[in-house]
Amino acid sequence: MKLASIQAAESKLLLQTYERNPYLFVSGKGVFLRDENGQDYLDLLSGIGVSALGYAHPAVEEAIQRQSTRLIHTSNLFFHEHTTELALRLTEISGLDRVFLCNSGTEAWEAALKLARAHAGLLRSKGRNIGTKFLALEHSFHGRSMGSVATTAKDKYREPFMPVMPGVEFVRFNDVADLRAKFSNEICGICIEPVQGEGGIHPISREFFTTARQLCDSTGALLLADEIQSGMGRTGKWFAYQHYGILPDVTTLAKPIANGIPMGAMLCTNSAAEAITPGMHGTTFGGGPLACAVAIAVIDTIKRDNLLDHIRDVGDFFHEELTKLAARHDCIVDVRGFGLMLGVELNSADLAKRVTTQLMEQRIIINRTSETVLRFLPPFILERKHVETAIKALDEIISAAYAGATPAGEQSHG
């Protein structure tokens, strides 16, 4: 089917949840996607941070082929060989003790919220004075299910579904005084993205993160770190909280964990895990043999190919080049992020939209978040030459925007 016929069919048959870009991709290789006309696009978004190893990676293909001929699903009523293999890898790289495997980021975050409530209940049964409320941060995004939406600050995600889960209060981002003022023994969990993704690539401050850890320790509340976008190596460490030397009680993973096979995970300490017993929570599809086999392949490839070092190297280069670009263009307000999780804030939503659109016309994929922020979440295998291509295109587009001209035509990426 061609793009026009697919668009017509989707307009009648699908729930309209996304404003799709008018491009039809049919294959991918490395850091490039190929459209129906055989044109290659440099993908600096990787499916919103999902395709960590890019497209058609041999390790991922081999894991899918091998496991799909053996066993795809059994249910969690039985054992299969890959759950403990994966859990051992995840606990080793995270510093946490136990794993719950699910299908998506929002499911992982729901599990984290339920765990925090259950843990507080366990503490109350032992005579501790602790409530059921959560503190979350302004500009946060934790997912689209009802609990996740309740801890997501942006009104556009919450208001259509009001009333959402009660008992959530929002703290001003990186405002330590506001955090201290709103924390009490009524709080069962503090919700933090070490690097806010949808919120505009904003890293948490060390003082704020440290204070949150101390406050949780003072009452038994759980510190919940949402690493759905920033985890699995995206920032140059396995988890963004490792940049701070702070261990949360709970963390959540999804996007890149299985390179596009739907999967999520919640990890926690042994102490937090005591609150969950059989029957309290579950999942039909989570932790299936296929997804686990692919996730194992992803982790092993990141280790074998020293991709964390590569992410730091290429990420630092990307950040430096974006900073140089900012020095040349007053419209760039800020450059933020770690590793290959970077954001460029512009002084105009219209300009950000124009840049994103024109990059796409030049066959370079990014997206815009928080209206004014250009978001870069490329595959971990990105190379410096790809960064140089993107920087050149950005420079031309921004220069043309202020010169009132039309930027150069399409580029060939090879």
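Here the structure is shown first, and the text comes after it.
Our subject in this report is the structure included herewith.

Cut-offs applied
Residues numbered from 1 in each chain as written. Predicted model: local features only at pLDDT ≥ 70, side-chain atom pairs only at ≥ 80, totals over all residues. Heavy atoms only, no water. Helix = DSSP H or I, 4+ residues; strand = E, 2+ residues; numbered from the N terminus. Buried < 20%, exposed > 50% of the residue type's maximum accessible area, 1.4 Å probe, protein only. 1 Å grid on protein atoms, 1.4 Å probe; cavity = no way out; pocket = protein on both sides within 12 Å on 5 of 7 lines; lining within 4 Å. Points joined across faces, edges and corners; volume = space filled by probe spheres on them. Nonpolar A, V, L, I, M, F, W, Y, C, P; charged D, E, K, R; others polar. Axes fitted to C-alpha atoms, helices over the stretch in contact; angles between N-to-C directions. Parallel < 35°, antiparallel > 145°, perpendicular 65-115°, else oblique. Left-handed = near helix turned anticlockwise from the far one by under 90°. Contact = heavy atoms within 4.5 Å. Pairing = 2+ DSSP bridges. Core = buried A, V, L, I, M, F, W, Y, C linked by side-chain atoms within 4.5 Å.

1. What about the environment of Glu-159?
Okay, so step 1: Its place among the elements puts Glu-159 in the loop between α7 (155-158) and β6 (168-171).
Okay, so step 2: The class for Glu-159 is exposed, based on a relative accessible area of 53%.

2. Brief notes about unusual backbone geometry
Okay, so step 1: Residues Met-162 and Pro-163 are joined by a peptide bond in cis, for which omega reads 0°.
Okay, so step 2: Mapped onto the elements of the fold, Pro-163 is located in the loop between α7 and β6.
Okay, so step 3: Unusually for a residue other than glycine, Ser-370 sits at a positive phi of about 50°.
Okay, so step 4: Take Ser-370: it is sitting in the loop between β16 (367-369) and β17 (373-376).
Okay, so step 5: Residue class for Ser-370 comes out partly exposed when judged on its relative accessible area of 27%.

3. Considering empty space enclosed by the protein
Okay, so step 1: On inspection of all chains with the given rule, the structure shows 1 cavity of 30 Å³ or more.
Okay, so step 2: In this model, the largest cavity occupies a volume close to 40 Å³.
Okay, so step 3: If you trace the largest cavity, you find it lined by His-73, Thr-74, Ser-75, Asn-76, His-80, Thr-284, Phe-285, Gly-286, Gly-287, Gly-288 and Pro-289.
Okay, so step 4: Among the residues forming the lining of the largest cavity, the class breakdown is 2 nonpolar, 9 polar and no charged.

4. Observations regarding the packing of helix α4 (residues 83-94) against helix α11 (residues 289-304)
Okay, so step 1: Between α4 and α11, the shortest axis-to-axis distance is 9 Å and the interhelical angle comes to 40°. Taken together, α4 and α11 sit at an angle that is classed as oblique. The crossing of α4 and α11 is left-handed. Packed against α4, whose contacting residues are Thr-83, Glu-85, Leu-86, Arg-89, Leu-90, Glu-92 and Ile-93, the element α11 presents Cys-292, Ala-295, Ile-296, Ile-299, Asp-300 and Lys-303 at the interface.
Okay, so step 2: Looking at side-chain class alone, the contact of α4 with α11 contains 7 nonpolar, 1 polar and 5 charged residues.

5. Description of the sheet that holds strand β7 (residues 187-192)
Okay, so step 1: Read across the open sheet, the 7 strands follow the order β4-β12-β11-β10-β7-β5-β6; overall the sheet is mixed. Strands at the two margins of the open sheet, each flanked by one partner only, are β4 (98-102) and β6. Going across the sheet, the axis of each strand differs from the next one's by a mean of 20°, ignoring polarity.
Okay, so step 2: Lying on the sheet, helix α5 (residues 105-125) is in contact with β4, β5 (133-137), β7, β10 (222-226), β11 (250-253) and β12 (264-268); it crosses β10 at an angle near 175°.

6. Points about the nonpolar core
Okay, so step 1: Membership of the largest hydrophobic core comes to 112 residues, with the highest contact counts inside it found for Leu-90, Ile-190, Phe-318 and Phe-376.
Okay, so step 2: A total of 10 residues in this core trace back to one element, the largest contributor, which is α5.
Okay, so step 3: Excluding residues within four positions of it along the chain, Ile-190 makes contact with Leu-135, Leu-179, Phe-183, Ala-212, Leu-215, Cys-216, Leu-222, Leu-223 and Leu-224.
Okay, so step 4: Counting 11 residues, the second largest nonpolar core, distinct from the first, contains Tyr-55, Ala-240, Ile-365 and Leu-377.

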